[in-house]
Amino acid sequence: MGFISAHASWDCPPVVLWDSESRLADIDEISYHATLVKKSYLGHMLFIGELYKGDLISIKIMLHVLPQLLEGESSSESSTNTDIDEEKVECFTQLMATIGQNLEHQSAELRSIGKADSSEKLAACWTSAE
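Cut-offs applied
- Residues numbered from 1 in each chain as written.
- Predicted model: local features only at pLDDT ≥ 70, side-chain atom pairs only at ≥ 80, totals over all residues.
- Heavy atoms only, no water.
- Helix = DSSP H or I, 4+ residues; strand = E, 2+ residues; numbered from the N terminus.
- Buried < 20%, exposed > 50% of the residue type's maximum accessible area, 1.4 Å probe, protein only.
- Salt bridge = Lys/Arg side-chain N within 4 Å of Asp/Glu carboxyl O.
- Expected span 1.5 Å × (residues − 1).
- Arc of directions from axis to C-beta.
- Contact = heavy atoms within 4.5 Å.

### Points about the environment of A124
Then, in step 1: Position of A124 among the secondary structure elements: in helix 4 (residues 117–129).
Then, in step 2: Residue classification places A124 among the partly exposed residues on the basis of a relative accessible area of 46%.
Then, in step 3: The sequence separation of A124 and P67 amounts to 57 residues, and the corresponding C-alpha distance is 8.4 Å.

### Some details on unusual backbone geometry
Then, in step 1: One non-glycine residue, D55, adopts positive backbone phi at about 60 degrees.
Then, in step 2: By secondary structure assignment, the location of D55 is in the loop between helix 1 (23–53) and helix 2 (59–70).
Then, in step 3: The exposure class assigned to D55 is exposed, which follows from its relative accessible area of 65%.

### Description of the pattern of salt bridges
Then, in step 1: In total, this model carries 3 salt bridges according to the counting rule given.
Then, in step 2: For E90, the salt bridge identified is with K38, shortest N-O distance 2.9 Å. Placement of E90 in helix 3 (residues 86–112) and of K38 in helix 1 is noted, with a sequence separation of 52 residues between them.
Then, in step 3: Take E90: its relative accessible area is 25%, and that puts it in the partly exposed class.
Then, in step 4: Owing to a relative accessible area of 35%, K38 belongs among the partly exposed residues under this scheme.
Then, in step 5: Residue K121 pairs with D117 through a salt bridge whose shortest N-O separation is 3.7 Å. With K121 and D117 both in helix 4 and 4 residues apart, this pair spans about one turn of that helix.
Then, in step 6: For D117, a relative accessible area of 45% translates into the label partly exposed.

### Concerning helix 4
Then, in step 1: With 13 residues, helix 4 should reach 18 Å at 1.5 Å per residue; the first-to-last C-alpha distance of 18 Å fits that figure.
Then, in step 2: Every buried residue of helix 4 is listed here: S118, S119, L122 and C125. End-on view of helix 4: buried residues confined to an arc of 120 degrees, all on one side of the axis. Seen from the buried face of helix 4, the exposed residues on the opposite side, beyond 90 degrees, are E120 and T127.
Then, in step 3: Buried residues in helix 4 make contact with helix 2 and helix 3.

Just distances and angles here, no functional claims.
Structure, rendered in structure tokens:
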């Protein structure tokens, strides 16, 4: 039997906080909510990309954010152990699918007028993505 939370003065059914009989349903529900969260942060990446395409976010900010999405999670026990965070990689791919062409074009324009910093940062970002 699980824990049940209810108050006598409320006109609502009790809320089951944990029930051993419905663990399978809980796993399905957890998977469902994980999918919703994933769609949410991928949607945020699409939104950020559209803000960049609308010139509301600068190339400097985007070139600061993109390498951070490719960084691994470092463990506090060992600083040499880095694991790739799959969610961050998915965010990187969503963002680059949205803004990649514009980012390449804008960095090429900046390089042609003598500002090669952005194209160097973008090249470093692509190198780390490989």
